[in-house]
Amino acid sequence: MTAPKLALSDTAVTETTADVVVIGTVQQGEGFALAPGSDAVDEAFDGTLVDVLKTLGATGKAEEVVKIPTLGRLPAGLVIAVGLGSEATPEQVRRASGAATRALTGVKRALTYLSAVDLHAAVEGTVLGAYSFTKYKSSENGDGSVARVDLAAEGTKENKAVLKAATAIGEAVTTARDFINTPPNDLFPASFAERAAALASAAGVTVEILDDKALRKGGYGGILGVGSGSSRLPRLVRLSYKGPKASKKVALVGKGITFDTGGISIKPAANMDEMTSDMSGAAAVIASVLLAAKLKYPLEVIATVPIAENMPSGTSYRPGDVLTMYGGKTVEVLNTDAEGRLILADAIVRAGEDAPDYLIETATLTGAQVVALGKRTAGVMGSDEFRDRVASIAQAVGEHAWPMPLPDELRSDLDSRVADLANVTGHRWGGMLAAGIFLREFVADGLQWAHIDVAGPAYNSAGPWGYTSRGGTGVPVRTIAAVLADIAENG
Ligand code: BES
Ligand code: MN
Ligand code: ZN
């Protein structure tokens, strides 16, 4: 959890006091070449580095890690060559930096030349690759992450600004990961709200917390209904940041289910533990406002975060209940496991009252997202133009996402016998889109909005890869950061 100390360095590789030197390799035809920046390292090997690497089985394929002892040729004892695949794109640099950093555990100081390919990506990949969640281990198994990484780059004003921004973005992702990885017995609505508030106050971000009493007074029927089965009562957290010369107002909303059992429509036991990650959307938007404040984006950013625990009990809401949502619309609950959209509906209406220019909302909303797009590609829905803008920015920053439609014919499938609408359709097709259509009913008219379903991408249940650790991934923090930066620049 301790982030490595990062610094720009233009010290020659023959002079560095780093213990390990990291370089990149790029596939080329049948073979591979050294990535830009590795010339001086190659010289120390009399120009034989590619041959040495070949002997060791290197191919340059993405995230391949090959270690070469320097045997006195360089002051550093070890060179790590990490594959960039066939094209050294920023995302490949990020992944290679992550993979290299994961191979640096126990190392005091490393010097990387991946920064010579792309400084911003190398910084993000290094910060994220160094991340691990050890808070609940009585002893840190292994050596812990690398203590210090020098990034080969001149200390220009521009490079310093890149280092600062990329470090802040990487740390915002790790803030989200920490929230997600905190187990649900310790992270419940009140404690989540308090932790978010503590970080916000420290960052100069304004905090408002509505507890259950305030939620009742305000008429937040969705949040209260979902939260009614738990002894740990729900919250609505509002975090506001107003930057210097704020040009646009952006509303953020994120799903904060601290644990999703499904409620009375209870989930099967297999993998239910992963529902500790059902507050990933909330974690991402909280981290994003803090980041906006840290980087002083010239925007007004207001996060509205509904937080509840979805539990079955004698006080739970039931299938058949009708909830009166914030703003007055009524919803018939046909499945208590479709709870995310209920808490989000309240929050989206509340967020709309601030008359924002844009609304970005994100949630681990549907298993159907995972079925449609898999574990690494988020589904983006919303108003056409903004949806496409968010999806293409997400692709560009390497948090894969794809635009999805909201087909009108699905709306009538949400018609309810007794209420304004039902929370689920009576069929299984288009489940991700049906959830988006449900949310659309609560978005203020004319508001440009994007809904990012990260049910798959938010949580890595497999082994670590690239810069992605096991558990919470922090997706889509980098997308939100990039969209905010884009709005700040282009309106
Ligand atoms: N939190 C889940 C969605 C989810 C599933 C997230 C898998 C991450 C991984 C959500 O609350 C849920 O249970 N959705 C239901 C909706 C259904 C009842 C219409 C689902 O997807 O099965
Ligand atoms: Mn659910
Ligand atoms: Zn859920």
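From a predicted model like this one, the values you see are computed outputs, not experimental measurements.

J.: When you look at the packing of helix H6 (residues 189-202) against helix H9 (residues 280-294) in this model, what are you seeing that I'm missing?
T.: A packed helix pair is summarised by two numbers, namely the angle formed by the two axes and the spacing between the axes. The N-to-C vectors of H6 and H9 enclose an angle of 15 degrees; their axes lie 10 Å apart at closest approach. Classified by the interaxial angle, the pair formed by H6 and H9 is roughly parallel. At the point where H6 passes H9, the crossing takes the right-handed sense. Judged by residue contacts, Phe-192, Ala-196, Leu-199 and Ala-200 of H6 engage Ala-282, Ala-283, Ile-286 and Leu-290 from H9. Tallied by class, residues from the contact of H6 with H9 come to eight nonpolar, no polar and no charged.

J.: Quick question: what am I supposed to make of the site of ligand 1 here?
T.: Looking at ligand 1, there are 15 residues lining it, with Lys-267, Asp-278, Asp-337, Glu-339 and Gly-367 nearest. Note that an oxygen atom of ligand 1 is positioned 3.2 Å from one of the side-chain N or O atoms of Lys-255. Between ligand 1 and the protein, one listed contact pairs an oxygen atom with a backbone N or O atom of Gly-367 at 2.6 Å. For ligand 1, the accessible surface in isolation is 520 Å², of which the surrounding protein chains cover 75%. Grouping the constituent residues of the shell around ligand 1 by class yields four nonpolar, four polar and seven charged.

J.: Help me understand the coordination of the zinc ion (ligand 3), please; the structure alone is not making it clear to me.
T.: Put simply, the ideal angle at a metal is 109.5 degrees for four donors in tetrahedral geometry and 90 or 180 degrees for six donors in octahedral geometry. Here the zinc ion (ligand 3) is held by Lys-255 (NZ), Asp-260 (OD), Asp-278 (OD) and Glu-339 (OE), and the distances to it run 2.0 to 2.4 Å. Between consecutive donor residues of the zinc ion (ligand 3), the sequence gaps follow K-x4-D-x17-D-x60-E. Here the manganese ion (ligand 2) and the zinc ion (ligand 3) are spaced 3.1 Å from one another, each receiving a donor from Asp-260. Here Lys-255, found in the loop between strand E10 (248-254) and strand E11 (256-260), pairs with Asp-278, found in the loop between E11 and H9; they are 23 residues apart in sequence, far enough to count as distant. Residue Lys-255 shares its accessibility class with Asp-278, and that shared class is buried.

J.: Any chance you could explain the sheet that holds strand E14 (residues 330-332) here in plain terms?
T.: Strands pair in a sheet through their backbones, by hydrogen bonds, and they do so in one of two ways: parallel or antiparallel. Within the open sheet, the three strands sit side by side as E13-E14-E18. Their pairing is mixed. Strands at the two margins of the open sheet, each flanked by one partner only, are strand E13 (322-324) and strand E18 (421-422). Taken together, the three bridges between E13 and E14 define a ladder with antiparallel strand orientation. Bridge pairing links Val-322 to Glu-332 in E14.

J.: It is not clear to me how H6 should be interpreted in this structure. Could you clarify?
T.: One full turn of an α-helix is made of 3.6 residues, so residues set three or four places apart face in the same direction. Here H6 contains 14 residues, and its C-alpha end-to-end distance of 20 Å stays within 8% of the 20 Å for a straight helix at 1.5 Å per residue. Every buried residue belonging to H6 is among Pro-189, Ala-190, Ser-191, Phe-192, Ala-193, Ala-196, Ala-197 and Ala-200, and all of these are buried. On its buried side, H6 packs onto helix H5 (157-181), strand E8 (206-210), strand E9 (235-242), E11, H9 and strand E12 (299-310). In the segment just after H6, Gly-204 is the residue with positive phi, at about 75 degrees.

J.: Is there a simple way to think about the coordination of the manganese ion (ligand 2) in this case?
T.: Protein-derived coordination of the manganese ion (ligand 2) comes from Asp-260 (OD), Asp-337 (O), Asp-337 (OD) and Glu-339 (OE), at a distance range of 2.1 to 2.2 Å. Its six donor atoms give the manganese ion (ligand 2) angles of 70 to 169 degrees at the centre, a pattern that matches the irregular case. The sequence pattern describing where the donors of the manganese ion (ligand 2) fall on their chain is D-x76-D-x1-E. Judged by its relative accessible area of 23%, Asp-337 is partly exposed.

J.: Honestly, the packing of aromatic side chains in this entry has me stumped. Any pointers?
T.: Each pair of aromatic rings is reported with the distance of its centres and the angle of its planes. Per the counting criterion, the structure on display carries five aromatic pairs. Relative to Tyr-136, the ring of Phe-133 lies with its centre 5.9 Å away and its plane at 35 degrees, an arrangement referred to as tilted. When its relative accessible area of 42% is taken as the criterion, Tyr-136 is described as partly exposed. Pairing Phe-438 with Phe-442 gives two aromatic rings, centres 5.2 Å apart and planes at 40 degrees, and the pair type is tilted. Judged by relative accessible area, Phe-442 falls into the buried class, the value being 6%.

J.: Please clarify how the UniProt feature "binding site: Mn(2+) 1" (unreviewed entry) in the chain should be interpreted in this entry.
T.: In the numbering used here, UniProt assigns the feature "binding site: Mn(2+) 1" (unreviewed entry) to Asp-260, Asp-337 and Glu-339. In terms of the greatest pairwise C-alpha distance, the residues named above, spread along 80 residues, form a tight cluster of at most 8.5 Å across. Overall, the relative accessible area of 2% leaves Asp-260 in the buried class. Excluding anything up to four places from it in sequence, Asp-260 contacts Lys-267, Met-272, Met-275, Asp-278, Asn-310, Asp-337 and Glu-339.

J.: How do you make sense of the side chain of Ser-416 when you look at a structure like this?
T.: Here Ser-416 lies in the loop between strand E17 (401-403) and E18. Here Ser-416 falls in the buried class, since its relative accessible area comes to 16%. A distance of 3.0 Å separates a polar side-chain atom of Ser-416 from the backbone nitrogen of Val-418. Those residues in contact with Ser-416 that lie beyond four places of it in its chain are Glu-332, Leu-421 and Ala-422.

J.: Just checking my understanding: could you explain the domain arrangement of the chain for this structure?
T.: How large an interface is tends to be reported as the accessible area lost when its parts come together. Split into domains, the chain comes out as domain 1 (8-151) and domain 2 (171-490). The C-alpha-based centres of domain 1 and domain 2 are spaced at 37 Å. Along the contact surface separating domain 1 from domain 2 lie one salt bridge. For Arg-478, the salt bridge identified is with Glu-124, shortest N-O distance 3.3 Å. At the junction of domain 1 with domain 2, the criterion picks out 10 residue pairs in polar contact (both at pLDDT 80 or more). Of all elements in the fold, only helix H3 (90-102) and helix H4 (119-129) reach the threshold of two or more residues within the side of domain 1 that touches domain 2. Tallying contributions element by element places H3 first for the side of domain 1 that touches domain 2, with six residues. For the side of domain 1 that touches domain 2, the class distribution of residues is six nonpolar, three polar and seven charged.

J.: Would you mind showing me how to read helix H12 (residues 384-396) here?
T.: With 13 residues, H12 should cover 18 Å at 1.5 Å per step; its first-to-last C-alpha distance of 18 Å lies within 8% of that length. For H12, the complete set of buried residues consists of Phe-386, Arg-387, Val-390, Ala-391, Ile-393 and Ala-394. All buried residues of H12 project into a common sector of 165 degrees when viewed along the axis, lining one side. Among the exposed residues of H12, those pointing more than 90 degrees away from its buried face are Asp-384, Glu-385 and Ala-396.

How each quantity is defined
Residues numbered from 1 in each chain as written. Chains lettered and ligands numbered in written order. Predicted model: local features only at pLDDT ≥ 70, side-chain atom pairs only at ≥ 80, totals over all residues. Heavy atoms only, no water. Axes fitted to C-alpha atoms, helices over the stretch in contact; angles between N-to-C directions. Helix = DSSP H or I, 4+ residues; strand = E, 2+ residues; numbered from the N terminus. Parallel < 35°, antiparallel > 145°, perpendicular 65-115°, else oblique. Left-handed = near helix turned anticlockwise from the far one by under 90°. Contact = heavy atoms within 4.5 Å. Nonpolar A, V, L, I, M, F, W, Y, C, P; charged D, E, K, R; others polar. Near = heavy atom within 4 Å. Polar contact = N/O pair within 3.5 Å; in protein donor to acceptor, adjacent residues only side chain to side chain. Areas by Shrake-Rupley, 256 points an atom, 1.4 Å probe, with all protein chains shown as cover. Donors = N, O, S within 2.8 Å, 3.2 Å for Na, K, Ca; no water. Buried < 20%, exposed > 50% of the residue type's maximum accessible area, 1.4 Å probe, protein only. Pairing = 2+ DSSP bridges. Expected span 1.5 Å × (residues − 1). Tetrahedral: all angles 85-135°; square planar, octahedral: opposite > 155°, others 65-115°. Phe/Tyr/Trp six-rings, centres within 6.5 Å; stacked < 30°, edge-to-face > 60°. UniProt positions renumbered as here; feature names shortened; annotations may be inferred. Domains from an automatic or database assignment. Salt bridge = Lys/Arg side-chain N within 4 Å of Asp/Glu carboxyl O. Arc of directions from axis to C-beta.

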